[in-house]
Amino acid sequence: MTSYSDPSRTTGADAALTDTPDEALRRSLGVARRRFLSTCTAVAAGAVAAPVFGASPALAHGRDHGHGHGHGRGQVLVPPHKRGIILYTVRDATARDPLASDLPSGFREVFKQLARHGYRQVEFAGYNQHANAPGGASLESVEGARLLRSWLDEYGLRAQGNHGFIPSSWPLTAADKDTFKKHLEIANILGMDHMGTGGDPTGSSYRADWDVAADKWNALGEIARREGIKLYTHNHDSAYGFLLDRGPLDDQGRPTRSSGIRKLEYFLKVTDPKLVWLEMDIFWAHVAQYKFHTYTAPDGSTRRNVFDPAGLVTRYNKRYPLFHAKDGVVDTSNGMGWDMVPFGTGDIDYTTFFSRVGLSNYRNPMVEDDNSPSATDPAQSLREAKISYDNMAALRRRRR
């Protein structure tokens, strides 16, 4: 038995997947057969080949047939006002000592440079910078937020999220609740619609733990909603692994098999759509597609379920207001299936992905590359931020 993302659903786009599993997935993602077959690799004897959104690095720049950087014919896939970057990508620049370098350093100068590149949105990854930068080391305060907002406004940027404080306590301690509310106040000063975290709701594979996480996030989401903020969680690959929610039980009374639903999909089902939102890291979702393709069913059989990241977004639609637009090249030797590279220089077919998920004026894709900072090339992260911006601006819907 083969299922795609949600084993209980066979309607809509999923109902069209009637060919062999590899061919059906390849067609639904708009991947050429030759490219699909050339990049797939066997991951276990008799098991699946690694599913890939295919486009060669050479096509990353030319896949729109000469439309250039933000010009030419065809529908723009990411509107200019939605092109963003998470500041983690340029964390070396915000942390740079302005007294020791002529390169942009600290939040204000980095904002100025990102605006010159063309970006209109930023996602924070905390509020710390070098102590010698204007405002000092920490801007994690009401006063600091006002200063940051003045610089954002100065350079025509909008804050659209933060990977910040989510209370570790549950039930919430008074101190954690107060700190959470302080971060909501900071988010409002900065003008954010969304506030979130860079971690998964829980690292567990067991349904009981995801139920607890859902209760906590529903409560936090209600607090955020009262402040006019949408609370979101961000994924890594493990969150799209399979939930352990069926017997037989192990010696600690925990289930050892799966119904076939993925952990974060279950979280979507048991959280309130008016209170909890998600940011898909598209790179890590592709890693999950590579790693988590079979599960042990309640009857002990091995079943196949190929993860379709864009399909999950379209099913849950407005639950996904944000993305991390992180690219990768196929690498089947590293256990993940992908190596991270600057946006638009890899193999993930973002033209197909953004075309499938739609709602371009609703989604907020944030460029991210964990590897952009360099110990030997201090200008690299901001230079690659420009490359990533140009490649995002060049994306056009393919002509039919």
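So, here is what we can say about the structure in this document. Model, not experiment: these values are computed from the prediction.

Observations regarding the environment of E123
Here is step 1: Note on placement: E123 falls in strand β3 (residues 121-124).
Here is step 2: Judged by its relative accessible area of 0%, E123 is buried.
Here is step 3: Each C-alpha atom of the pair E123 and V367 lies 9.4 Å from the other, and the pair is 244 residues apart in sequence.
Here is step 4: If near-sequence neighbours (up to four positions away) are discounted, E123 is found in contact with I85, I86, L87, Q160, G161, N162, H163, Y232, E279, H324 and M366.
Here is step 5: A distance of 2.5 Å separates a polar atom in the side chain of E123 from a polar atom in the side chain of Y232.

Let's talk about the pattern of salt bridges
Here is step 1: The tally for this structure, following the rule as stated, stands at 20 salt bridges.
Here is step 2: Across the salt bridge formed by E368 and K326, the nearest N and O atoms sit 3.1 Å from each other. With E368 in the loop between β15 (364-367) and α13 (380-393) and K326 in the loop between β12 (322-325) and β13 (327-331), the pair connects residues that are 42 residues apart, well separated along the chain.
Here is step 3: Its salt-bridge partner being K386, residue D390 comes within 2.7 Å of it at the nearest N-O pair. In this pair, D390 and K386 are both assigned in helix α13, four residues apart and thus about one turn of the helix distant.
Here is step 4: Judged by relative accessible area, which is 15%, D390 ranks as buried.
Here is step 5: Residue classification places K386 among the partly exposed residues on the basis of a relative accessible area of 30%.
Here is step 6: Each of D281, K326, E368 and D370 takes part in salt bridges that share partners, so that together they form one network.

A closer look at the packing of aromatic side chains
Here is step 1: Going through the model one piece at a time under the given rule, you end up with 16 aromatic pairs.
Here is step 2: Taking 5.7 Å as the distance between ring centres and 55° as the angle between the ring planes, the aromatic pair formed by F107 and F124 counts as tilted. Taken as a pair, F107 in helix α5 (residues 106-117) and F124 in strand β3 lie far apart in primary sequence, 17 residues in all. As far as the burial class goes, F107 and F124 line up, both buried.

Digging into the sheet that holds strand β5 (residues 194-196)
Each strand in a sheet pairs with its neighbour through backbone hydrogen bonds, running either in the same direction (parallel) or in the opposite one (antiparallel).
Here is step 1: Pairing is parallel in the open sheet, where eight strands are placed in the order β4-β3-β2-β15-β12-β9-β6-β5. Since the sheet does not close on itself, it has two edges, and those belong to β4 (158-162) and β5, each with one partner. Direction aside, neighbouring strands of the sheet carry axes that sit 30° apart on average.
Here is step 2: Strand direction decides the pairing type here: strand β2 (residues 84-86) and β15, joined by two bridges, are parallel. What sits directly across from G84, in β15, is M366.

Criteria and cut-off values
- Residues numbered from 1 in each chain as written.
- Predicted model: local features only at pLDDT ≥ 70, side-chain atom pairs only at ≥ 80, totals over all residues.
- Heavy atoms only, no water.
- Helix = DSSP H or I, 4+ residues; strand = E, 2+ residues; numbered from the N terminus.
- Buried < 20%, exposed > 50% of the residue type's maximum accessible area, 1.4 Å probe, protein only.
- Contact = heavy atoms within 4.5 Å.
- Polar contact = N/O pair within 3.5 Å; in protein donor to acceptor, adjacent residues only side chain to side chain.
- Salt bridge = Lys/Arg side-chain N within 4 Å of Asp/Glu carboxyl O.
- Phe/Tyr/Trp six-rings, centres within 6.5 Å; stacked < 30°, edge-to-face > 60°.
- Pairing = 2+ DSSP bridges.
- Axes fitted to C-alpha atoms, helices over the stretch in contact; angles between N-to-C directions.

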